[in-house]
Amino acid sequence: SRLTIWKASAEEGNGTYGEIVTATGDELAIACGDGVLRIGELQPEGKRRLSARDYLNGTKLAIGGKFGV
């Protein structure tokens, strides 16, 4: 399903495109391009906007796994 990202910041970092770098507490970070995208707020398709913490509380994501690829 599709996700809309409402708040995010880009940082330097490395990893394979779409790799989950961090998925704990308030932090959700995905490797992309030449850096890392830290997601602060997102919205799953057909659902309400959620903070990264709320999204992670309802989802099982593993560090090193692939996100949306």
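As a reminder, the structure under discussion sits directly above these lines.
Attention in this report is confined to the structure presented alongside it. Keep in mind that this is a model prediction, so the values were computed, not measured. (Residues numbered from 1 in each chain as written. Predicted model: local features only at pLDDT ≥ 70, side-chain atom pairs only at ≥ 80, totals over all residues. Heavy atoms only, no water.)

**Describing the environment of Lys 47**
In step 1: Along the chain, Lys 47 turns up in the loop between strand 4 (35-44) and strand 5 (50-51).
In step 2: In sequence terms Lys 47 and Glu 19 are 28 residues apart; their C-alpha atoms lie 24 Å from each other. (Helix = DSSP H or I, 4+ residues; strand = E, 2+ residues; numbered from the N terminus.)

**Looking at the environment of Ser 51**
In step 1: By the secondary structure assignment, Ser 51 is in strand 5.
In step 2: By relative accessible area, Ser 51 is classed as partly exposed at 28%.
In step 3: Distance in space between the C-alpha atoms of Ser 51 and Arg 38 is 12 Å, their sequence separation being 13 residues.
In step 4: Dropping the residues within four chain positions of it, Ser 51 is found in contact with Gly 40 and Glu 41. (Buried < 20%, exposed > 50% of the residue type's maximum accessible area, 1.4 Å probe, protein only. Contact = heavy atoms within 4.5 Å.)

**Side note on the pattern of salt bridges**
In step 1: As enumerated under the stated definition, the model contains four salt bridges in all.
In step 2: The closest approach of N and O atoms between Glu 11 and Arg 38, which form a salt bridge, is 2.9 Å. Here Glu 11 is found in strand 1 (residues 3-12), whereas its partner Arg 38 is found in strand 4, with 27 residues between them in sequence.
In step 3: Look at Glu 11 and you get partly exposed, because its relative accessible area is 36%.
In step 4: What makes Arg 38 partly exposed here is its relative accessible area of 25%.
In step 5: Here Asp 26 makes a salt bridge to Arg 53, at a shortest N to O gap of 2.5 Å. Of the two residues, Asp 26 is situated in the loop between strand 2 (20-24) and strand 3 (27-32) and Arg 53 in helix 1 (residues 52-57); the sequence distance between them amounts to 27 residues.
In step 6: Given the relative accessible area of 40%, Arg 53 is considered partly exposed.
In step 7: Connected via shared salt-bridge partners are Glu 11, Glu 27 and Arg 38. (Salt bridge = Lys/Arg side-chain N within 4 Å of Asp/Glu carboxyl O.)

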